[in-house]
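Here's the letter readout for the chains.
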Amino acid sequence: LDASETSRLFQLCREKLLIARSYRIRPGLDDKILLDWNALMISAYAAAFAATGGKKYGDTARQQLDFLLQAFRQGDGLALYHTYKEGKAQYDAFLDDYAFLIAAMLDVYAVVFDPALINTAMQYTQYVQDNFWDAENGLFYFTSEKQTDILYRKKELYDNAQPSGNATMVLNLLRLSILTDDRALAQTATQMLLQMKDAVGKYPSAFARWASAIGAMAYPQGEIALIGPEAQAAAAALNRAYLPHATVMAAAQGDDAWPLLAGKIAGAVLEIFVCKNYACQMPVKTVEEGLEVYRGK
């Protein structure tokens, strides 16, 4: 058969199959929106924006984050719902929902550098600590203490099809502790990691995000502050170099509200400070120089 005859036959077959299929019961469609899964997707969009500079990725990440914060909120407080469909959200959110949402806020901050995202992430972190923390065992429950219909409050520790909410909270606490210089957050993260270190050592493939958190704590990557009129553009170029676990902040001028930006006066040109524990080396003027200093070259 020639190409045109083959194409005609295939089209005929498709039409017959479509008619036959129309007599069958259509499968159910699960079109609800889940808070935790969408938060993970936002982090993926932020990572794509960091790696490629593609504006559509950054715009989508910010728009979807704003949607989640609005659509899933219970009333005027910080409590959230787990699912959303046809304009209605329902069912109390779980630890994974909050943990992945906080991570998404920090991931989006790392590409758009809006400090309001850090403030919101801190508010939700405090909410998680107030409502999910098990003070006796030093880990987070999967369900909030406000969910009174739960007979047994379990803890999810393994990184399975999606990462553990507890492991994600460890990384959130570590990142926020550096951004805000809140040592209590780092102490909580350390406490959680010490409980899990033996299990991670024995079964690392089952605790991948835990292992990543241990690596971030054992080998801190330092901080980079970019100050000046071209700070955000330079930070975008810096992001494309891929610096895992590095804390990057960018602003047009210094800001005493944030330890890494405090005391830095913006001039007419870009200045890049490479720091460790907020002790910064002399600033350099280009991203290439900043990378050399950061990598110790």
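The preceding data block contains the structure.
The following refers to the structure shown. Fair warning: this is a prediction, and the values are worked out from it, not measured in the lab. (Residues numbered from 1 in each chain as written. Predicted model: local features only at pLDDT ≥ 70, side-chain atom pairs only at ≥ 80, totals over all residues. Heavy atoms only, no water.)

**Overview of the state of the cysteines**
1) Next: For the structure on display, the rule yields one disulfide.
2) Next: The disulfide partner of cysteine 275 is cysteine 280, and the gap between their sulfur atoms is 2.0 Å. Between cysteine 275 and cysteine 280, the S-S dihedral sits near 95°, and the bridge is therefore right-handed.
3) Next: For cysteine 280, a relative accessible area of 31% translates into the label partly exposed. (Disulfide = S-S within 2.5 Å. Buried < 20%, exposed > 50% of the residue type's maximum accessible area, 1.4 Å probe, protein only.)

**Looking at a nonpolar patch on the surface**
1) Next: A contiguous nonpolar patch, built from Leu1, Leu9 and Leu12 and spanning about 290 Å² of accessible area, is present on the exposed surface.
2) Next: Within the secondary structure layout, leucine 12 lies in helix α1 (residues 3–21). (Patch = residues over 30% accessible without salt bridge, like charges linked within 9 Å, V, L, I, M, F, W, Y side chains within 5 Å. Areas by Shrake-Rupley, 256 points an atom, 1.4 Å probe, with all protein chains shown as cover. Salt bridge = Lys/Arg side-chain N within 4 Å of Asp/Glu carboxyl O. Helix = DSSP H or I, 4+ residues; strand = E, 2+ residues; numbered from the N terminus.)

**Some words on the pattern of salt bridges**
1) Next: Applying the stated rule across the entire model yields twelve salt bridges.
2) Next: Lysine 197 is paired through a salt bridge with aspartate 198; the nearest N and O atoms lie 3.4 Å apart.
3) Next: For the salt bridge of lysine 285 with glutamate 271, the shortest nitrogen-to-oxygen distance reads 3.2 Å. One end of the pair, lysine 285, is in the loop between β9 (279–280) and α10 (287–294); the other, glutamate 271, is in strand β8 (residues 271–276), with 14 residues separating them in the sequence.
4) Next: A relative accessible area of 42% means that lysine 285 is categorised as partly exposed.
5) Next: Residue glutamate 271 is classed as buried on the basis of its relative accessible area of 18%.
6) Next: Via salt bridges that share partners, Arg62, Asp66 and Asp114 belong to a single interconnected network.

**Observations regarding the sheet that holds β8**
1) Next: Taken in spatial order, the four strands make up an open sheet running β7-β6-β8-β9, and their pairing is mixed. A single partner strand is all that each edge strand has here, and the edge strands are β7 (247–251) and β9.
2) Next: For β8 and β9, the ladder comprises two bridges, and the chain directions are antiparallel. If you follow lysine 276 over to β9, its bridge partner there is alanine 279. (Pairing = 2+ DSSP bridges.)

**Section: unusual backbone geometry**
1) Next: Of note in this structure, aspartate 181 is not a glycine but carries a positive phi near 60°.
2) Next: Summarising the element assignment, aspartate 181 is placed in the loop between α6 (165–180) and α7 (183–202).
3) Next: A residue is classified by how much of its surface remains accessible, and aspartate 181, at 29% relative accessible area, is partly exposed.
4) Next: Even without a glycine there, the phi angle at tyrosine 242 is positive, about 60°.
5) Next: Note on placement: tyrosine 242 falls in the loop between α9 (231–239) and β7.

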